[in-house]
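Coordinates in review
The residues making up each chain are set out below.
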Amino acid sequence: MSTTTTPSRAPVSGTAVASRHRKPFLLDLYGTALGKKYAMAMSGIALMGFVLFHMIGNLKMYFGAADLNEYAEFLKKLLYPLAPKESVLWILRLGLLGMLALHLHAAWSLTVLNRQARPVRYQSARDYQEASLASRSMRLSGIVVVLFLAWHLLDLTFGVVNTIGADGEFVRAEVYANVVRSFERWPVALFYVVANLFLGLHLSHGAWSIFQSLGWNNPRFNSWRRAFARGFAAIVVIGNVSFPIAVTVGIVSV
Amino acid sequence: MTMLDNRPAATKLNSKVPSGVLADKWDNFKANAKLVNPNNKRKFKVIVVGTGLAGASAAATLAELGYQVDAFTFHDSPRRAHSIAAQGGINAAKNYRGDGDSVHRLFTDTIKGGDFRSREANVYRLAQVSVNIIDQMVAQGVPFAREYGGLLDNRSFGGAQVSRTFYARGQTGQQLLLGAYQQLSRQIGLGGVRLFNRCELVDVVIIDGRAAGIVVRDLLTGEVTSHAAHAVVLATGGYGNVYFLSTNAMNCNVTAAWRAHRRGAYFANPCYTQIHPTCIPQADETQSKLTLMSESLRNDGRVWVPKNADEQRPAHQIPEEDRDYYLERLYPSYGNLAPRDISSRAAKRLVDKGQGVGPLKNGVFLDFSAAINRLGRNVVEERYGNLFEMYERIAGENPYEVPMRIYPATHYTMGGLWVDYELQTTIPGLYAAGEANFSDHGANRLGASALMQGLADGYFVLPYTISNGLAPLLNKTLPGTDHPEFKRVEAETRDRYRAYVNVKGTRSPDWFHRELGKMIWDYCGMERDRNGLEKAISEIQALHDEFKKDLRVTGSAEGVNQTLEKAGRVDDFFQLGMLMCKDALAREESCGGHFRVEYQTEDGEAQRDDAKFCHVSAWEWTGDAAKSHMHAEALEFETIQLATRSYK
Amino acid sequence: MTRKLTNLTLKVWRQSGPNDKGRFETHVIESITDEASFLEMLDVLNERLIAKGEEAVVFDHDCREGICGTCSLMINGQAHGPQRATTTCQLHMRSFKSNDTIVIEPWRAGAFPIVKDLMVDRSAFDRIVESGGFITAPTGGAPDANLIPVPKPVADAAMDSAACIGCGACVAACPNGAANLFVGAKIAHLNLLPQGQAERYKRAEAMVDTMDEHFGSCTNHGECSAACPKEISLDVIALMNKDYRSAKFKNRKELSRN
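How each quantity is defined
- Residues numbered from 1 in each chain as written.
- Chains lettered and ligands numbered in written order.
- Predicted model: local features only at pLDDT ≥ 70, side-chain atom pairs only at ≥ 80, totals over all residues.
- Heavy atoms only, no water.
- Helix = DSSP H or I, 4+ residues; strand = E, 2+ residues; numbered from the N terminus.
- Rg over C-alpha atoms; globule rule 2.2 N^0.38 Å.
- Buried < 20%, exposed > 50% of the residue type's maximum accessible area, 1.4 Å probe, protein only.
- Areas by Shrake-Rupley, 256 points an atom, 1.4 Å probe, with all protein chains shown as cover.
- Patch = residues over 30% accessible without salt bridge, like charges linked within 9 Å, V, L, I, M, F, W, Y side chains within 5 Å.
- Salt bridge = Lys/Arg side-chain N within 4 Å of Asp/Glu carboxyl O.
- Lys, Arg positive; Asp, Glu negative; His and termini not counted.
- Charge placed at Lys NZ, Arg CZ, Asp CG, Glu CD.
- Contact = heavy atoms within 4.5 Å.
- Buried area = accessible area lost by both parts, 1.4 Å probe.
- Pairing = 2+ DSSP bridges.
- Domains from an automatic or database assignment.
- Polar contact = N/O pair within 3.5 Å; in protein donor to acceptor, adjacent residues only side chain to side chain.
- Phe/Tyr/Trp six-rings, centres within 6.5 Å; stacked < 30°, edge-to-face > 60°.
- Arc of directions from axis to C-beta.
- Core = buried A, V, L, I, M, F, W, Y, C linked by side-chain atoms within 4.5 Å.
- Axes fitted to C-alpha atoms, helices over the stretch in contact; angles between N-to-C directions.
- Parallel < 35°, antiparallel > 145°, perpendicular 65-115°, else oblique.
- Left-handed = near helix turned anticlockwise from the far one by under 90°.
- Disulfide = S-S within 2.5 Å.

Of the regular secondary structure elements, chain A holds nine helices and zero strands. Against the 2.2 N^0.38 benchmark of 18 Å for 254 residues, chain A shows a C-alpha radius of gyration of 24 Å, more extended than a compact globule. When its C-alpha atoms are laid out on the principal axes, chain A stretches across 90 × 50 × 45 Å. Scored against the burial criterion, the 254 residues of chain A give a buried share of 41%. Carbon and sulfur atoms make up 69% of the accessible area of chain A, which amounts to about 14,100 Å² in all.

Structure follows, in structure tokens:
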């Protein structure tokens, strides 16, 4: 046995005297786990706003092709003539893309952090008490939503995977026709329904989580936070899912 | 004084009580104490062993003052110390109620509660600094209970006629300990304290008659190392676990105090142990510890046993005429609120007669059906809801429907290392604080006074007395850990722990602990008598011999080995157990927690013998616990009139 | 009343040291009374192992009344086992049935390395408290206790958070190995009280930053609160998040003024 007089385990002391190297403020904030959670929440709010207004805009579909196409045109002319055509729309698009990128990056780095926080997993089955299907499948539902988004852009924005119109071309401005043509393919309609259910799952946890992450907590409204999240998710999902179904059953058609 | 005539031979014990009238003694001490210049404080190293209320508060305060402090705990974190389990509250003579409280009243209550077996000057100082404790703990953020106006709330507690107990729900000990722990943590963070966690003190090193440092065993590696210091503070708690079954935490032990005792520190009044009447009785043979239920339950519960020892009916079917509400019968004026020791002994006698209740017939009923009928279930739930829940969690019975079963259990030890007014043991440079010392509580501690004493010692006494002891040592070289004596003690310790592993007998340390506990409980528990104690000493000796021959510790002396840790602690408990019995045998009177069957009044009350035993029994180690030598410190009462403690 | 449980199969994690791979070891407890606590059942197992000349299972425990926070154990996939608001030491065999299989694992988190068998090192919690989990109030300078009135609801809320026993069940139960409930509880305790205001934001920032060095992040599963023996609410995490955010901005203002 060792006869040394100094213990091999060092005593604990001076644990709080080292000063942290500070980066520029926003980077410093984003460098912390809570900072990333704030980023998740803020970008989540932006993306929630997008999905909600996207859904509401698309409800124009039920008023016919003219209304929907006109709405698409309106978006291009936001703040026109004060601002050039499409400029505001592009600002919004870039903003949303930025938010999405932030959301994804934060999610990615937090996932890495969380994996590192438990390098050795439990070797027996866990028996979760509170964690819901939604909270535990955020990564999965997020990935599905991102894949869906890619398909959705290729389908209805770029027309790469859309069927071609009567003139043999994909015309982006013919929003109504493009939607109907796409959803007339039942596997596509089904994919849209399933993907939106994942989106709903994601929202039902995410929209509640925002309050926690940002520390919006007050006994006066705490009981409404979950209801808000579920309600929000339900409205978005019902609205979005109604479109492929409406096309499939023939309520909306060319 | 003539009463001194029958006392043992005069001693060299010097309590160093300062001069002056009682109320001025502490101020006089502070006025005359030697100080250490702020720039010189960092030249001194102080070791604090234990991080409970006394240890954590002492370590934090000494570090704030500028001393180098090394704090040791055998827990993983300082926050685990057993102070955390205290429920009721902490006394302080704040007189916030305006109900007639004062420093002097807290002082007299504590002296009387201690059955006139404590040192006046220490108790008075305790009462004086009690008010500072509350201020300090509030400033640190302890969430004491409040009134709606935002001021502090108080409750009343046994042994006092005023409301002076501050509390934080049923978790006062936890909140106070966390306060002290946080203050200690701050000092660790700032570098003022070095924390050695999971390190157990296994010996004290004395060089040239002075405490030179300690030897510790790292519980994670099994490594034995030395640490030198100018002063060593032991704040290592009480020895109630000698009974095996007690309300102490599993790891509470006497080793630190005992090792200091073996190196020359006198051990005072080991027979003063306190039994708490309302604990949940042992449920089965596997039981490892007992749980205390707040004594407040006796305010509304009625205590009874069936008259017939062979009673088979469930409690609610036993008619009134077949029940014996023995406390109401024996002590009509106090009834179910008879003092702790009296109601404990009454329960024991009935259980010994076979009238106990429960599957093992080892408890008495504490029945709330009358209270529920009288007050309604809601009121009872409001008052005791959390206690009822706790009972149900442990006993598996619903106390709203079935009477609770209770039985007394050990939960505090008044005895401990002998210390003088400066909390210094008989070894210069070695201090003892909190439950580890013997001071302040005499033969019986009042409720809500343990937390007070621990914090008083650590925050407001030791920082002053230690500087008085350190000042003369300035610029003197002290022996370092390379001194041969450190090496010798280290080697001795390694041999000791290796020896436990090498006995290779058949019985585990727990088995021996359980057997030892039964003996001490039977012979030196609630009631003691000469025959029993004499028998106990020889039986404990025999069991200890068997322990040395038949112990089995599996695993090795390196790395984590909880069985080995336990073996070392049980070994020391054996020796302490013998000393307890010897002390109980020598004290031929009954006082406070020490009840000798031979010395009782006609109605079964403790009968003190002030002529012969108005003294502290401080025992000197002679190499064999059964042959320890007793020194008496006479207790002089200048202010208090000795009187019979009466609860009639 | 007392029952006997028979034929319990225990799968206990054994690991000789931090670097050992570890494995489950199976033991059968033929019979035990349901009055026994879970840890007493392990005591019985250990007595048997010692009798067989084997090393006892190492596990942390101390007060056995649910307050010191020393006991840990993941029991059948739940931190502190199946009973709500109950530490492992207060869990009794009544919660199990004859012929049950009981799987016992240590807490698992990068910040809680396994020491041996079921014992882990939770010092990371202490590091967090050392960084800011206190109110600076050196001994001796405190004003009279009643000079600082604290409204009863505030004192009660602070006490709810202060009830934390530092056992680490929140980290163990968290799918991400996050310590937000522990840190949130201490921040809420001190930041709610008037005495804690002076250091409020410094505390929040220091504690959270230290937490970041050791633990995962919160994704609001709620497992921590469900496992917490003192039922500390998720609200403390929201409060921490809010104070940390304010800390970041407020401290900048303070800095720019200097």
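A cluster of like negative charges, contributed by B:Glu389, B:Glu392, B:Glu401 and C:Glu231, occupies part of the molecular surface. You can see B:Glu389 is positioned in helix α11 (residues 377–395). Overall, B:Glu389 belongs to the exposed group, its relative accessible area being 51%.

What follows deals with the interface of chain C and chain B. The interface of chain C with chain B comprises 80 residues on the first partner and 77 residues on the second. For the pair chain C and chain B, the summed buried area comes to about 6,400 Å², and 51% of that belongs to carbon and sulfur atoms. Along the contact surface separating chain C from chain B lie five salt bridges. In this structure, the salt-bridge partner of B:Arg169 is C:Asp160, at a minimum N-O distance of 2.9 Å.

In this structure the tally under the stated criterion is 70 salt bridges over all chains. Where C:Arg14 meets C:Glu25, a salt bridge forms, and the shortest distance between an N and an O atom there is 3.0 Å. You can see C:Arg14 sitting in strand β1 (residues 4–14) and its partner C:Glu25 sitting in strand β2 (residues 23–33), a full 11 residues away along the chain. Residues joined in a network through salt bridges with shared partners are B:Asp115, B:Arg117, B:Arg587, B:Glu589, B:Arg608 and B:Asp610.

Residues and elements named next belong to chain C. Counted residue by residue, strand β5 (residues 101–105) has four buried out of five residues, so it is predominantly covered. Pairing of β1 with β5, which is carried by four bridges, proceeds in the parallel orientation. Within β5, the residue paired with threonine 9 across the bridge is threonine 101. As paired elements, strand β3 (residues 74–75) and β5 share two bridges and run antiparallel to each other. Of the residues in β5, the one forming a bridge with methionine 74 is glutamate 105.

Another point: the domain arrangement of chain C. All names here are of chain C. The domain architecture assigned to chain C consists of domain 1 (4–116) and domain 2 (122–257). For domain 1 and domain 2, the distance between their C-alpha centroids amounts to 30 Å. Residue-level contacts link 19 residues of domain 1 with 19 residues of domain 2. Counting the surface lost from both domain 1 and domain 2, the interface buries some 1,400 Å², and carbon and sulfur atoms represent 62% of this. By the criterion of area lost to domain 2, the three top residues of domain 1 are Ala85, Ala111 and Phe112, representing 34% of everything that side buries. Across the contact surface, domain 1 and domain 2 share one salt bridge.

Listed as interface residues are 45 residues of chain A and, on the opposing side, 51 residues of chain C. Interface area for chain A against chain C, summed over the two sides, is near 4,000 Å², with a carbon-plus-sulfur share of 50%. Looking at the side of chain A facing chain C, the largest losses of area belong to A:Phe25, A:Leu34 and A:Tyr122, adding up to 16% of the total buried there. Where chain A packs against chain C, one counts 35 residue pairs in polar contact (both at pLDDT 80 or more).

The subject of this paragraph is the packing of aromatic side chains. All names here are of chain B. One pass over the structure, following the stated rule, counts 45 aromatic pairs over all chains. Taken together, a centroid distance of 4.5 Å and an interplanar angle of 10° make the contact between phenylalanine 72 and phenylalanine 196 stacked. Of this pair, phenylalanine 72 sits in strand β2 (residues 68–72) while phenylalanine 196 sits in strand β5 (residues 193–196), and the two are 124 residues apart along the sequence. The exposure class of phenylalanine 196 is buried, given its relative accessible area of 4%. Ring centres 5.1 Å apart and planes at 85° place the aromatic pair tryptophan 511 and phenylalanine 512 in the edge-to-face group.

A few words now on helix α3 (residues 152–162) of chain C. Turning to α3(C), its buried residues number three or more, namely C:Ala155, C:Ala158, C:Met159, C:Ser161 and C:Ala162. The buried residues of α3(C) all sit within an arc of 160° when viewed along its axis, so they share a single face.

The next point concerns the nonpolar core. Most often, soluble globular proteins keep nonpolar side chains buried together rather than apart. Within the largest apolar cluster, 256 residues are counted, with the highest numbers of intra-cluster contacts made by B:Ile90, B:Phe144, C:Phe38 and C:Phe215. Looking at this core, the element that brings in the most residues is helix α16 (residues 562–586) of chain B, giving 12 residues. Not counting residues within four places of it along the chain, the set of residues in contact with B:Ile90 comprises B:Ile133, B:Ile134, B:Phe144, B:Arg164, B:Thr165, B:Phe166, B:Thr172, B:Leu176, B:Ala448, B:Leu451, B:Met452 and B:Leu455.

With that out of the way, let us pick up the sheet that holds β1(C). Strands belonging to one sheet form pairs held by backbone hydrogen bonds; the direction of such a pair is parallel or antiparallel. Residues and elements named next belong to chain C. One open sheet accounts for five strands, arranged β2-β1-β5-β3-β4; its pairing is mixed. Strands with a single pairing partner mark the edges of an open sheet, and in this sheet they are β2 and β4 (78–79). Its contacts with the sheet place helix α1 (residues 38–51) against β1, β2, β3 and β5, and it is angled at close to 105° to β2.

So, on to the sheet that holds strand β18 (residues 615–620) of chain B. All names here are of chain B. Sheet architecture is open: four strands sit in the order β16-β10-β18-β19, paired in antiparallel fashion. Where the open sheet ends on each side, the last strands, each with one partner, are β16 (416–417) and β19 (629–634). Direction of pairing for strand β10 (residues 267–268) relative to β16: antiparallel, over a ladder of two bridges. Residue pairing across strands places alanine 268 opposite glycine 416, the latter belonging to β16. In this fold α16 packs onto β10 and β18, with an angle of close to 145° to the strand it touches most, β18.

Our focus in this paragraph is the packing of helix α2 (residues 123–132) of chain C against helix α6 (residues 200–214) of chain C. All names here are of chain C. Between α2 and α6, the least distance of the axes is 8 Å, while the angle of their chain directions is 155°. Considering the angle they form, α2 stands roughly antiparallel to α6. For the pair α2 and α6, the crossing hand works out as right-handed. Packed against α2, whose contacting residues are Ala124, Arg127, Ile128, Ser131 and Gly132, the element α6 presents Arg203, Ala206, Met207, Thr210, Met211 and His214 at the interface.

With respect to the secondary-structure elements, B:Asn122 resides in helix α5 (residues 120–139). Non-local contacts of B:Asn122, meaning those with residues more than four positions away in its chain, are made with B:Asp420, B:Tyr421, B:Ser439 and B:Asp440.

Moving on, we get to the state of the cysteines. All names here are of chain C. In the structure shown here, the tally under the stated rule is zero disulfides over all chains. With no disulfide of its own, cysteine 63 lies 3.6 Å from the sulfur of cysteine 68, the closest cysteine sulfur. When its relative accessible area of 1% is taken as the criterion, cysteine 63 is described as buried. Cysteine 167 supplies the cysteine sulfur nearest to cysteine 170, a cysteine that is in no disulfide, at a spacing of 6.4 Å. For cysteine 170, a relative accessible area of 9% gives the class buried.

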